[in-house]
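Given next are the chains, with one letter for each unit.
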Amino acid sequence: MSSSTAEDRLPRWQRRPESRPEEIIGAALHVFGEQGFARTRLEDVAKRAGVSKGTLYLYFKSKEDLFREMARSCVSASLAEGEEFVRTFQGSTRELLEQFIRRYWAKMNDPVNLRLIRVVHLELTNFPELARFYFQEVIMQMRSLIQSIIQLGIERGEFRPVNPGFAARALQTLCTQLAQYQHHFRAYDLHPMSHEELQSGIIDLYLNGVLLQPGSAELKEAV
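Now for a description of the structure that goes with this document. All values reported here derive from a predicted model rather than from experimental measurement.

1. Brief notes about the overall build of the chain
Counting its secondary structure elements, the chain contains 10 helices and 0 strands. Across the 223 residues of the chain, 39% fall into the buried class. Counting only contacts in the chain whose residues sit at least 6 apart along the sequence, the fraction spanning at least 24 positions is 68%. Accessible surface, the chain as shown: approximately 12900 Å² in total, 53% of it carbon and sulfur.

Here it is as structure tokens:
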């Protein structure tokens, strides 16, 4: 039997004000994911969160402001966790990259991220300011983290001297697109693959693309 606090058992409108932004952001993620950015009204989000529209405006100035905070909330913890994982990892860069891909693949298949990416792909080409925000706050932050792993592997002599910028873009695209494909089209695939099979395939394909192989020209030059 799950336990709950006294505050959890209260109606939403009776809870402490500090809990409301989190509830509003959670509601926004669902409504944006169901209706898209353009069709979402703040009234819809407020209703889903169990607050008045006036209460919502106490925390968020506009729909754009709410989207920004929603995106930050969804990804900031994951990015901080990823940065700490890379910074404190003990082991080879190959092991670091493999474990990072496993974690990244799991995040891309999380329902929260699937909803957020769906909103971005469907609507944000029509909202360039929000697209720019998402690119800078989410895509670029993750790209920089992946680039740091690739650069570290090159410096340690474990990876080929690939272009770290391209390698980071490739991993982001591979994981994001395969996760979206799996979510939307797996039911129609005559030969579906499990999440584990796709994860293993990504790791195998990507590692063999960046690892310095025995007998390679780059290895001979290094020697």
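2. Things to note about the packing of aromatic side chains
Where two aromatic rings form a pair, the distance of their centres and the angle of their planes describe that pair. The full count for this structure, using the stated rule, is 7 aromatic pairs. One aromatic cluster in this structure is built from Phe32, Phe37, Phe67 and Phe127. Here the guanidinium or amino end of Lys63 rests over the ring plane of Phe37, the centre of that ring lying 4.6 Å away. Seen from the ring of Phe85, Arg103 lies directly overhead, with NZ or CZ sitting 4.1 Å from the centre.

3. Some remarks on helix H7 (residues 128-155)
Over its 28 residues, H7 runs 37 Å from end to end, which matches the ideal 40 Å to within 8%, given 1.5 Å per residue. Every buried residue of H7 is accounted for by Leu130, Phe133, Tyr134, Val138, Met142, Arg143, Leu145, Ile146, Ile149, Ile150 and Gly153. Of the surrounding secondary structure, the elements contacted by the buried residues of H7 are helix H1 (20-39), helix H4 (63-88), helix H5 (93-108), helix H6 (111-123), helix H8 (164-185) and helix H9 (195-210). Backbone geometry just downstream of H7 places Gly157 in the positive-phi region, at approximately 80 degrees.

4. Some details on a nonpolar patch on the surface
Nonpolar side chains collect at one region of the surface, where Tyr181, Phe185 and Tyr188 lie side by side and expose about 380 Å² of accessible area between them. With respect to the helices and strands, the residue Phe185 is situated in helix H8. On the accessibility criterion, Phe185 (47% relative accessible area) is partly exposed.

5. With respect to the pattern of salt bridges
Side chains that carry opposite charge are capable of pairing whenever their charged atoms lie near each other. Following the criterion strictly, the structure yields 8 salt bridges and no others. With its nearest N and O atoms 3.0 Å apart, the salt bridge here joins Glu43 to Lys53. Pair noted here: Glu43 is in helix H2 (residues 42-49) and Lys53 is in helix H3 (residues 53-59), with a separation of 10 residues, a long-range link. Here Glu84 makes a salt bridge to Arg87, at a shortest N to O gap of 2.8 Å. Placement of both Glu84 and Arg87 in helix H4 is noted, with a separation of 3 residues, approximately one turn of the helix. With a relative accessible area of 39%, Glu84 lands in the partly exposed category.

6. Points about H6
The end-to-end C-alpha distance of H6 is 18 Å, a good match for the 18 Å that 13 residues give at a rise of 1.5 Å each. Packed against the buried residues of H6 are H1, H4, H5, H7 and H8. A distance of 2.8 Å separates the backbone nitrogen of Val112 from a side-chain oxygen at the start of H6, and that oxygen is part of Asp110.

7. Focus on the layout of surface pockets
One way to see where empty space is left: roll a probe the size of a water molecule over the atoms. Volume-wise, the largest pocket comes out at about 580 Å³. What lines the largest pocket is a set of 27 residues, among which Tyr104, Met108, Met142, Gln172 and Thr176 lie closest to the centre. Those elements giving two or more residues to the lining of the largest pocket turn out to be H4, H5, H6, H7 and H8. Each residue belonging to the lining of the largest pocket can be placed in one class, and the counts come to 14 nonpolar, 8 polar and 5 charged.

8. A short note on the environment of Arg20
With respect to the helices and strands, the residue Arg20 is situated in helix H1. Sequence separation of Arg20 and Gly50 is 30 residues, and the distance between their C-alpha atoms is 9.3 Å.

9. A few points about the environment of Ile202
Inspection of the secondary structure assignment puts Ile202 in helix H9. For the pair formed by Ile202 and Leu171, sequence separation is 31 residues and the distance between their alpha carbons is 8.5 Å. When neighbours within four sequence positions are excluded, Ile202 is seen to be in contact with Ile101, Trp105, Leu171, Leu174, Cys175, Leu178 and Leu207.

10. Examining the packing of H4 against H6
Two elements in contact, H4 and H6, have axes separated by 10 Å at closest approach and are oriented at 140 degrees. The crossing of H4 and H6 is left-handed. Of the residues in H6, those touching H4 at Phe67, Met70, Ala71, Cys74 and Val75 are Val112, Asn113, Leu116, Val119 and Val120. When the residues that make up the contact of H4 with H6 are grouped by side-chain class, the tally is 9 nonpolar, 1 polar and no charged.

Conventions adopted
- Residues numbered from 1 in each chain as written.
- Predicted model: local features only at pLDDT ≥ 70, side-chain atom pairs only at ≥ 80, totals over all residues.
- Heavy atoms only, no water.
- Helix = DSSP H or I, 4+ residues; strand = E, 2+ residues; numbered from the N terminus.
- Buried < 20%, exposed > 50% of the residue type's maximum accessible area, 1.4 Å probe, protein only.
- Contact = heavy atoms within 4.5 Å.
- Areas by Shrake-Rupley, 256 points an atom, 1.4 Å probe, with all protein chains shown as cover.
- Phe/Tyr/Trp six-rings, centres within 6.5 Å; stacked < 30°, edge-to-face > 60°.
- Lys NZ or Arg CZ within 6 Å of the ring centre and 35° of its normal.
- Expected span 1.5 Å × (residues − 1).
- Patch = residues over 30% accessible without salt bridge, like charges linked within 9 Å, V, L, I, M, F, W, Y side chains within 5 Å.
- Salt bridge = Lys/Arg side-chain N within 4 Å of Asp/Glu carboxyl O.
- Polar contact = N/O pair within 3.5 Å; in protein donor to acceptor, adjacent residues only side chain to side chain.
- 1 Å grid on protein atoms, 1.4 Å probe; cavity = no way out; pocket = protein on both sides within 12 Å on 5 of 7 lines; lining within 4 Å.
- Points joined across faces, edges and corners; volume = space filled by probe spheres on them.
- Nonpolar A, V, L, I, M, F, W, Y, C, P; charged D, E, K, R; others polar.
- Axes fitted to C-alpha atoms, helices over the stretch in contact; angles between N-to-C directions.
- Left-handed = near helix turned anticlockwise from the far one by under 90°.

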